[in-house]
Amino acid sequence: EDPKLVEAFEARVAADEFIEPKDWMPEAYRRTLTRQISQHAHSEIVGMLPEGNWIGRAPSLRRKAILLAKVQDEGGHGLYLYCAAETLGTSREEMVEALHSGKAKYSTIFNYPTLTWADIGAIGWLVDGAAIMNQVPLQRTSYGPYARAMVRVCKEESFHQRQGYEIMIALANGTAEQKRMAQDALNRWWWPSLMMFGPPDDNSPNTAQSMRWRIKRETNDELRQKFVDISVPQAEFLGLTVPDPDLKWNADKDGYDFGAIDWDEFYAVVKGEGPVAKERMKARIDAWEDGAWVREAADAYEAKRQARKAA
Ligand code: 3HC
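Below, the structure is looked at part by part. (Residues numbered from 1 in each chain as written. Predicted model: local features only at pLDDT ≥ 70, side-chain atom pairs only at ≥ 80, totals over all residues. Heavy atoms only, no water.)

Observations regarding the overall build of the protein chain
For step 1, the next point in the chain: For the protein chain, the helix and strand inventory stands at 12 helices and 2 strands.
For step 2, the next point in the chain: Each helix and strand of the protein chain, ordered N terminal to C terminal, gives the series α-α-α-α-α-α-α-α-α-β-β-α-α-α.
For step 3, the next point in the chain: Whereas a compact globule of 311 residues would reach a radius of gyration of roughly 19 Å, the protein chain reaches 21 Å, a difference of no more than 12%.
For step 4, the next point in the chain: Per-residue burial for the protein chain yields a buried fraction of 50% across its 311 residues. (Helix = DSSP H or I, 4+ residues; strand = E, 2+ residues; numbered from the N terminus. Rg over C-alpha atoms; globule rule 2.2 N^0.38 Å. Buried < 20%, exposed > 50% of the residue type's maximum accessible area, 1.4 Å probe, protein only.)

Quick notes on the side chain of S231
For step 1, the next point in the chain: Residue position: S231 is located in helix α9 (residues 220-238).
For step 2, the next point in the chain: The contact partners of S231, leaving out residues within four places of it in the chain, are W125, L126 and W190. (Contact = heavy atoms within 4.5 Å.)

What about helix α11 (residues 277-290)?
For step 1, the next point in the chain: Here α11 contains 14 residues, and its C-alpha end-to-end distance of 20 Å stays within 8% of the 20 Å for a straight helix at 1.5 Å per residue.
For step 2, the next point in the chain: Along α11, the positions that sit buried rather than exposed are A277, R280, M281 and R284. Down the axis of α11, the buried set is contained in an arc of 95°. They therefore lie on one face. Opposite the packed face of α11, turned more than 90 degrees from it, sit the exposed residues K278, E279, K282, E289 and D290.
For step 3, the next point in the chain: Residues of α11 that are buried in the fold lie against α2 (27-52), α4 (92-100) and α10 (263-273). (Expected span 1.5 Å × (residues − 1). Arc of directions from axis to C-beta.)

Some thoughts on the environment of P192
For step 1, the next point in the chain: Its location among the elements puts P192 in helix α7 (residues 176-195).
For step 2, the next point in the chain: Spatially, the C-alpha atom of P192 lies 17 Å from that of T116, the residues being 76 residues apart in sequence.

Considerations on the site of the ligand
For step 1, the next point in the chain: Residues in close proximity to the ligand total 32 residues, the closest being E74, K105, N134, S204 and K216.
For step 2, the next point in the chain: One nitrogen or oxygen atom from the main chain of T108 is found 2.9 Å from a nitrogen atom belonging to the ligand.
For step 3, the next point in the chain: A distance of 2.9 Å separates an oxygen atom of the ligand from a polar atom in the side chain of N134.
For step 4, the next point in the chain: Summarising the interface, the protein chains cover 90% of the accessible area of the ligand, which totals 1,000 Å² for the free molecule.
For step 5, the next point in the chain: When residues of the shell around the ligand are traced back to their parent elements, those giving at least two are α2, α5 (117-138), α6 (144-172) and α10.
For step 6, the next point in the chain: In terms of residue count, α2 provides more of the shell around the ligand than any other element does, 6 residues in total.
For step 7, the next point in the chain: Grouping the constituent residues of the shell around the ligand by class yields 13 nonpolar, 12 polar and 7 charged. (Near = heavy atom within 4 Å. Polar contact = N/O pair within 3.5 Å; in protein donor to acceptor, adjacent residues only side chain to side chain. Areas by Shrake-Rupley, 256 points an atom, 1.4 Å probe, with all protein chains shown as cover. Nonpolar A, V, L, I, M, F, W, Y, C, P; charged D, E, K, R; others polar.)

Regarding helix α1 (residues 3-14)
For step 1, the next point in the chain: Between the first and last C-alpha of α1 there are 16 Å, a value that for 12 residues agrees with the 16 Å anticipated at 1.5 Å per step.
For step 2, the next point in the chain: The N-capping residue of α1, defined by a side-chain oxygen 2.8 Å from the backbone nitrogen of K4, is D2.
For step 3, the next point in the chain: Just past α1, the residue D16 takes up positive phi, approximately 60°.

Concerning a negative patch on the surface
For step 1, the next point in the chain: A contiguous patch of negative charge, built from E93, E94, E296 and D299, is present on the exposed surface.
For step 2, the next point in the chain: Breaking the negative patch down by element, the ones donating at least two residues are α4 and α12 (292-310).
For step 3, the next point in the chain: Looking at the secondary structure, you find E93 in helix α4. (Patch = residues over 30% accessible without salt bridge, like charges linked within 9 Å, V, L, I, M, F, W, Y side chains within 5 Å. Salt bridge = Lys/Arg side-chain N within 4 Å of Asp/Glu carboxyl O. Lys, Arg positive; Asp, Glu negative; His and termini not counted. Charge placed at Lys NZ, Arg CZ, Asp CG, Glu CD.)

Observations concerning the packing of aromatic side chains
For step 1, the next point in the chain: In the structure shown here, the tally under the stated rule is 12 aromatic pairs.
For step 2, the next point in the chain: When the centroid spacing of 6.2 Å and the interplanar angle of 80° are considered together, the rings of F9 and W24 count as edge-to-face. Of the two residues, F9 is situated in helix α1 and W24 in the loop between α1 and α2; the sequence distance between them amounts to 15 residues.
For step 3, the next point in the chain: Given the relative accessible area of 2%, F9 is considered buried.
For step 4, the next point in the chain: Classification of W24 by relative accessible area gives partly exposed; the value is 32%.
For step 5, the next point in the chain: Ring geometry for W190 versus F227: centroids 6.2 Å apart, planes at 25°, classification stacked. Remark: F227 occurs in helix α9 and W190 occurs in helix α7; sequence separation between them is 37 residues.
For step 6, the next point in the chain: The buried category is assigned to W190, whose relative accessible area is 0%.
For step 7, the next point in the chain: Judged by relative accessible area, F227 falls into the buried class, the value being 2%. (Phe/Tyr/Trp six-rings, centres within 6.5 Å; stacked < 30°, edge-to-face > 60°.)

Given below as structure tokens:
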């Protein structure tokens, strides 16, 4: 690539300017953004499945309405993000095919099963809480369409986190059995939520370049630390115990020290060995194939509309 163009691009990024779809950009910038944004979109769409599993079994009409709204939001987040990724020149079909073939990733967190209603609380509180921690800085990512998509996503994510934490408050202040369910959900969702921030910075192939190009504004470990520091007091407020015996306040760093993450589990789940990974992919492929007729009908309708307009 022309070094002058690269230099001008890097100066724009360093000046915190937004890079727009029609601007010149290094091919590697385009590639890594297509990778990250499309996988972010896949995560949103696959993330609808574990929660969708509880819409028909919500304990009250109010909880059912809230969960319906949240799952619908996730679908919308996925569509914003696929649209943002398409501005980089990759079609929706190519991205969906990459997901279905296993070439593209989605967040490992969605390969864990939702065993009780308390999981819906823990997911809203911890998974959407982690997503907010990761997505707020992305409102300042250097690629314009991605940053703008994040503004609305973050607003809706706050509702997701709030409703989840409200479920945890209700359970933690309920019967002994309900409190036990809440603790069990915290035990199963705590560590996979920490994995959402990605591998440690010293083992993260993309972080250094993403920081230089201001795609990332904070590193995996920085965001993970912030998430732990904000979540531990929330668990204490619930009267629940974070399942980490090494967790302890470190006054020197003004944050919590915490135990080692099981990166073997992380990479096994990334590789698709998660407890329900096969079920998730089958559900996505079935939905895509069952919905083909809707896409064809919409295309045929649009073609007729265009033909009428041209006549
Ligand atoms: N699950 C699956 N794969 C993961 C992962 C996770 N939790 N964390 C990292 N990886 C993958 C990366 O994608 C990368 O593989 P690739 O090069 O094939 O894409 C590899 O592990 C090495 O990780 P890196 O740290 O080098 O990769 P990144 O610099 O891309 O950092 C990330 C990973 C922090 C997830 C970053 O991609 C990111 O911030 N993505 C945008 C946010 C996002 O995708 N969040 C996922 C959840 S969305 C969500 O929670 C929705 C909410 O509504 C519930």
